Amino acid sequence: MLRNLFIASLLIAPSAAFAQALPTAPYLPLEMAEKAARAALQACSAKGNAVTVTIVARDGATKVMLKADGSGPHTVSSATGKAFAAASLGRDIGEIADFIASKPANEGLRTMDERLVIQAGGLPIKIGEALVGGIGVGGAPSGAIDSECAREGLNAIGAK
């Protein structure tokens, strides 16, 4: 019996020595995504705007979508595209839109991926220095209002 344990330990020891730790990456927990989406939706509703809010993970997958009663059908694709763009590019999408407008040679940014919506209202979600997703708001009368509501969602979870 003791001999079998010794042999087993010899067989297991080398594999433990060569085992590597899996990489870890920060992510946006569902509870935080829901809280941010709800805060953004409430901020727009308080201003009388029926919008859709979408939160995507860093990889662009939709985590949460809230569509206000009375919001237009186009708001779903608008909010989702803005959130996807923010997560993909890691920047305020309104700033990207302004950059393209000032430098038309960069118009290709709008069409480099059909899922991108390059309009104000999409913000990256950064926890500390880690980019963990994007938030998009679509449906207010202006991109500036969409952005204000998205910012309220970030504030609700302590994100940048």
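Below or above, wherever it landed, is the structure these notes cover. Worth saying up front: this structure is predicted, and the values here are computed from it rather than measured.

Attention now moves to the overall build of the protein. On a plain count of helices and strands, the protein comes out with six helices and four strands. What you see in the protein, going N to C, is helices and strands ordered as α-α-β-β-α-α-α-β-β-α. Out of the 160 residues in the protein, the part that is buried amounts to 40%. Long-range pairs, those at least 24 residues apart, make up 64% of the contacts in the protein between residues at least 6 apart in sequence. Here the protein has roughly 9100 Å² of accessible surface; of this, 58% comes from carbon and sulfur atoms.

We now examine the pattern of salt bridges. Counted according to the given criterion, the structure contains six salt bridges. Between Arg-115 and Asp-113 there is a salt bridge whose closest N-O contact spans 2.8 Å. With a closest N to O distance of 2.6 Å, Glu-129 and Lys-160 form a salt bridge. With Glu-129 in the loop between strand E3 (122–127) and strand E4 (130–138) and Lys-160 in the segment after helix H6 (143–156), this residue pair connects regions lying 31 residues apart in the sequence.

So, on to the environment of Ala-120. Take Ala-120: it is sitting in the loop between helix H5 (108–111) and E3. For Ala-120 and Lys-82, which are 38 residues apart along the polypeptide, the C-alpha to C-alpha distance reads 7.7 Å. Not counting residues up to four positions away in its chain, the partners in contact with Ala-120 are Lys-82, Gly-94, Gly-143, Ala-144, Asp-146 and Ser-147.

The strand order across the open sheet built from four strands is E2-E1-E4-E3, with neighbouring strands paired in antiparallel fashion. A single partner strand is all that each edge strand has here, and the edge strands are strand E2 (62–67) and E3. Within the sheet, the average angular offset between the axes of one strand and its neighbour, ignoring direction, is 15 degrees. Packing against the sheet, helix H2 (residues 30–46) makes contact with strand E1 (52–57), E2, E3 and E4, and its axis sits at approximately 25 degrees to E2. Running over the sheet, H6 touches E3 and E4 and is turned about 140 degrees from E4.

Okay, the side chain of Thr-52 next. Residue position: Thr-52 is located in strand E1. For Thr-52, a relative accessible area of 0% puts it in the buried group. At 2.6 Å, the side chain of Thr-52 forms a polar contact with the side chain of Thr-75. Those residues within four positions of Thr-52 in sequence are excluded, and the remaining contacts are Met-65, Leu-66, Lys-67, Ser-71, Thr-75, Val-76, Ala-79, Gly-136, Val-137 and Gly-138.

How each quantity is defined
- Residues numbered from 1 in each chain as written.
- Predicted model: local features only at pLDDT ≥ 70, side-chain atom pairs only at ≥ 80, totals over all residues.
- Heavy atoms only, no water.
- Helix = DSSP H or I, 4+ residues; strand = E, 2+ residues; numbered from the N terminus.
- Buried < 20%, exposed > 50% of the residue type's maximum accessible area, 1.4 Å probe, protein only.
- Contact = heavy atoms within 4.5 Å.
- Areas by Shrake-Rupley, 256 points an atom, 1.4 Å probe, with all protein chains shown as cover.
- Salt bridge = Lys/Arg side-chain N within 4 Å of Asp/Glu carboxyl O.
- Pairing = 2+ DSSP bridges.
- Axes fitted to C-alpha atoms, helices over the stretch in contact; angles between N-to-C directions.
- Polar contact = N/O pair within 3.5 Å; in protein donor to acceptor, adjacent residues only side chain to side chain.

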